[in-house]
Amino acid sequence: MATMKIQFRPSVVDGGLGVIYYQIIHNGKSCLYKTEYHLYPDEWDCDRSEVVLSGRSEFRIHYLLKINCNIKLDIERFNRIIGLMERDKPDFASDDVISVLFPKNPESYLFLFMRNVIAGLKDIGKIRTSETYTSALNSFRKFRNNEDIAFDDIDSDVMIAYEAYLKACGVSPNSSSFYIRNLRAVYNRAVEKGLTSQRFPFKHVYTGIEKTTKRAVSLKIIKQIKDMDLSHNPASDFARDMFLFSFYTRGMSFVDMAYLQKKNLNSGVLSYRRRKTGQQLYVKWERCMQEIVDKYDTSGTDYLLPILNTNNLLQARKQYIYALHKVNRYLKKIGEIFNLSIVLTLYVARHSWATIARSKNVPVSVISEAMGHDSETTTRIYLASLDTNAVDNANSLILESL
């Protein structure tokens, strides 16, 4: 049975960066592979053969976490490769394992290349994109049983099989398209870098977006949710308040709500830039919005709402995701009380505002402007010149109905 040991070799220069080596041992023979993982002596625990994270800057810890993750993935790949080689090529040598485990151009393989792309996105602050790529990678890895694939081996047959796998797993067409579009984006990056030639492997799979079922509730339901006595359940009360705040602010998305700062509110106007599109929006501040803000103590932070309490980008992102899941979990329970035909989520607040506005004969153009929709259509060009008073009046009309 072949084994792999992880070794750390310190630098010959006192206090310099050492290197992680992998020692592959098989049939009494061994060979070494020098990795690209460089550590200081106090960043490696020789007894446990693992990276030490304490006592470093945030940037360094992020780098160490990435190394730790890569080592674990390398071990998983080693065990998988050994299993295949013992089955198909029992007379293999230790250096055969190295050549398969670490090809001369590792970036020519999807998993390795995509992991590097994801790490690069995190480094430049594109956390959301890195998360979508990670979701796509994890899905495709399950399809491949964790076996990496060279870009040159990715063709139409592979992607058709992947699409069929997703369908068999009960994945919706939109989610399937989401995964495949992200894989296509990474594949195109590899083409641009000259790692493979463009063979258009995605041309026979679905990469569009189907219209989804409307997720809106009536103004009557919004009123009933608003009038609920949830004082006995703070978590449900908070979820309800976030739902209402989103509705009050013309369907503001939760990510934009989370990152709102007190400085965004000035002279009766809440101004913010949509994180999804970068569009600047202005919302007339109403009494019902202030009542929610006054309900919570945010004196120790710069944020307007009690969702985040840190300016650290990575920690703030984790807090946002945790809060999003928690709020939607409690909203689902609230929706069950009213026997709604749809699952109550924060997105329902956004969809409901638009639907109710339309029922009150608010022009579609005003609704689009109010919600910050972004497109290159003729309608969107026209919307750019709308008077913001029309948007404020539309929102006031809806809020007065409550």
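Higher on the page you've got the structure.
Read on for an overview of the structure. (Residues numbered from 1 in each chain as written. Predicted model: local features only at pLDDT ≥ 70, side-chain atom pairs only at ≥ 80, totals over all residues. Heavy atoms only, no water.)

It is worth spelling out the overall build of the chain at this point. Secondary structure summary: the chain contains 15 helices and eight strands in total. C-alpha extents for the chain along the principal axes are approximately 80 × 50 × 40 Å. A total of 402 residues make up the chain; the buried ones form 46% of that total. Nonlocal contacts in the chain, meaning residues at least 24 apart in sequence, comprise 58% of its contacts between residues at least 6 apart. If you sum the accessible surface of the chain, you get close to 21,800 Å²; carbon and sulfur atoms cover 50% of it. Taking the 55 positively charged and 44 negatively charged side chains of the chain as two groups, their mean positions are separated by 4 Å. (Helix = DSSP H or I, 4+ residues; strand = E, 2+ residues; numbered from the N terminus. Buried < 20%, exposed > 50% of the residue type's maximum accessible area, 1.4 Å probe, protein only. Contact = heavy atoms within 4.5 Å. Areas by Shrake-Rupley, 256 points an atom, 1.4 Å probe, with all protein chains shown as cover. Lys, Arg positive; Asp, Glu negative; His and termini not counted. Charge placed at Lys NZ, Arg CZ, Asp CG, Glu CD.)

With that settled, consider empty space enclosed by the protein. Evaluated as defined, the whole model comprises two cavities of 30 Å³ or more. Here the largest cavity is characterised by a volume of approximately 40 Å³. Lining the largest cavity are Leu73, Glu76, Arg77, Arg80, Phe111, Arg115, Arg141 and Asn146. Those elements giving two or more residues to the lining of the largest cavity turn out to be α1 (58–88) and α3 (110–123). For the lining of the largest cavity, the element with the highest residue contribution is α1, accounting for four residues. Looking at the lining of the largest cavity residue by residue, the class counts come to two nonpolar, one polar and five charged. (1 Å grid on protein atoms, 1.4 Å probe; cavity = no way out; pocket = protein on both sides within 12 Å on 5 of 7 lines; lining within 4 Å. Points joined across faces, edges and corners; volume = space filled by probe spheres on them. Nonpolar A, V, L, I, M, F, W, Y, C, P; charged D, E, K, R; others polar.)

What follows is about the packing of helix α4 (residues 127–143) against helix α5 (residues 156–168). The description of two packed helices rests on the angle between their axes and on the distance between the axes. Direction vectors running N to C along α4 and α5 enclose 95°, while the axes themselves pass 10 Å from each other. Between α4 and α5, the interaxial angle falls into the category roughly perpendicular. Here α4 contributes Ala136, Ser139, Phe140, Lys142 and Phe143 to the contact with α5, which in turn contributes Val158, Met159, Ala161, Tyr162, Tyr165 and Leu166. For the contact of α4 with α5, the per-class residue count stands at nine nonpolar, one polar and one charged. (Axes fitted to C-alpha atoms, helices over the stretch in contact; angles between N-to-C directions. Parallel < 35°, antiparallel > 145°, perpendicular 65-115°, else oblique.)

A few words now on the environment of Asp95. Locating Asp95 in the fold gives a position in helix α2 (residues 94–101). The spacing of Asp95 and Glu76 is 19 residues in sequence and 18 Å in space, taken between C-alpha atoms.

Further remarks concern helix α12 (residues 346–359). Here α12 is 14 residues long and its end C-alpha atoms lie 20 Å apart, about the 20 Å a rise of 1.5 Å per residue gives. The element α12 is largely enclosed, with a buried count of 10 among its 14 residues. Among the residues making up α12, those that are buried are Leu346, Val348, Ala349, Arg350, His351, Ser352, Trp353, Ala354, Ile356 and Ala357. Immediately downstream of α12, the backbone of Asn361 shows phi near 65°, a positive value. (Expected span 1.5 Å × (residues − 1).)

All right, on to unusual backbone geometry then. For residues besides glycine, phi is generally negative; the peptide bonds are generally trans as well. Phi is positive for Ser49, which is not a glycine, with a value near 55°. Of note, Ser49 is situated in the loop between β4 (44–45) and β5 (50–51). For Asn146, which is not glycine, the phi dihedral falls at a positive 65°.

Here the focus is the packing of aromatic side chains. Describing an aromatic ring pair means giving the distance of the ring centres and the angle of the ring planes. Evaluation of the coordinates by the stated rule reveals 13 aromatic pairs. With a centroid separation of 5.6 Å and an interplanar angle of 85°, the aromatic rings of Phe238 and Tyr296 are classed as edge-to-face. With Phe238 in helix α8 (residues 234–248) and Tyr296 in the loop between α10 (287–295) and α11 (313–337), the pair connects residues that are 58 residues apart, well separated along the chain. In this structure Phe238 comes out as buried when scored by relative accessible area, which is 18%. Members of the aromatic cluster, joined through ring pairs, are Phe111, Phe140, Phe143, Tyr162 and Tyr165. In this structure, Arg9 is placed above the aromatic ring of Tyr21, and the distance from its NZ or CZ to the ring centre is 4.6 Å. Stacked on the ring of Tyr259, the Lys or Arg Arg275 has its end atom at 3.8 Å from the ring centre. (Phe/Tyr/Trp six-rings, centres within 6.5 Å; stacked < 30°, edge-to-face > 60°. Lys NZ or Arg CZ within 6 Å of the ring centre and 35° of its normal.)

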